[in-house]
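Each chain is listed here by its residues.
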Amino acid sequence: MSRIGKMPIAIPAGVTVEIAENNKVTVKGPKGTLERVLPADMDIKKDGETIVVSRPNDLKKNKALHGLTRTLINNMIIGVTNGYEKVLEVNGVGYRAQKQGKKLVLSLGYSHPVEMEDPEGIETVLEGQNKITVKGIDKEKVGQYAAEIRSKRVPEPYKGKGIKYESEVIRRKVGKTGKK
């Protein structure tokens, strides 16, 4: 039995969960609404204030989907109650970030500024010129947009210049040494 898949999901107050045919789950909460079509093989049942996910048999595919399905529903519930956020840091001389309406403008040492439009349901907030916070209710979209911002200038190992996650540690390398 899946250790994660068999755990019941508690539904907090102020959150409504609806399970339609073909396992279409809709979660409504104080921060917004999320809906997702989950694997049809999984059996999703609502028991009062909890949701239980079970699998029909022990095929390898169903074992893999069991924990995944439960985690996806749990992430939706956390998203509509608390939301998700990722913090990015811009490091480097002359590297900075600016906000122009819904556009994020990054100066990253290229000959041109890099402009990125905030996707629907995602908000970027700047603290100073080198801290970007990506916020939203969909964990997948928040992580994807944060990864796209980071990919515009990945941190390099010699000086540590680039865009990195707040918790990320850059493994540094020693540079060249002079000739004897």
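Quick notes on the rules
Residues numbered from 1 in each chain as written. Predicted model: local features only at pLDDT ≥ 70, side-chain atom pairs only at ≥ 80, totals over all residues. Heavy atoms only, no water. Core = buried A, V, L, I, M, F, W, Y, C linked by side-chain atoms within 4.5 Å. Buried < 20%, exposed > 50% of the residue type's maximum accessible area, 1.4 Å probe, protein only. Helix = DSSP H or I, 4+ residues; strand = E, 2+ residues; numbered from the N terminus. Expected span 1.5 Å × (residues − 1). Arc of directions from axis to C-beta. Contact = heavy atoms within 4.5 Å. Salt bridge = Lys/Arg side-chain N within 4 Å of Asp/Glu carboxyl O.

(A) Representation of the nonpolar core. Residues Val17, Val25, Val27, Ile44, Ile51, Ile73 and Ile77 are the most contacted members of the largest nonpolar core, which totals 19 residues. Of all elements in the fold, only β3 (24–29), β6 (50–54) and α1 (60–81) reach the threshold of two or more residues within this core. Per-element accounting of this core gives the leading share, 6 residues, to α1. One finds Leu108, Val142, Tyr145 and Ala146 within the second-largest nonpolar core, a separate group that totals 18 residues.

(B) A look at the environment of Ile137. You can see Ile137 is positioned in the loop between β12 (131–136) and α2 (139–151). Given a relative accessible area of 17%, Ile137 falls into the buried group. Put simply, Ile137 and Val154 are 17 residues apart on the chain and 25 Å apart in space, counted from C-alpha to C-alpha.

(C) Fine view of α2. The end-to-end C-alpha distance of α2 is 18 Å, a good match for the 18 Å that 13 residues give at a rise of 1.5 Å each. Every buried residue of α2 is listed here: Val142, Gly143, Tyr145, Ala146 and Ile149. Considered in projection along α2, the buried side chains sweep an arc of 165° and stay on one side of the axis. Tucked into the core, α2 has its buried residues touching β7 (84–91), β9 (103–107), β10 (114–117), β11 (122–127), β12 and β13 (162–165).

(D) Examining the pattern of salt bridges more closely. Taken as a whole and judged by the stated rule, the model has 11 salt bridges. Between Asp118 and Lys99 there is a salt bridge, and its shortest N-O distance comes to 2.6 Å. Of this pair, Asp118 sits in the loop between β10 and β11 while Lys99 sits in strand β8 (residues 96–100), placing them 19 residues apart in sequence. By relative accessible area, Lys99 is classed as partly exposed at 30%.

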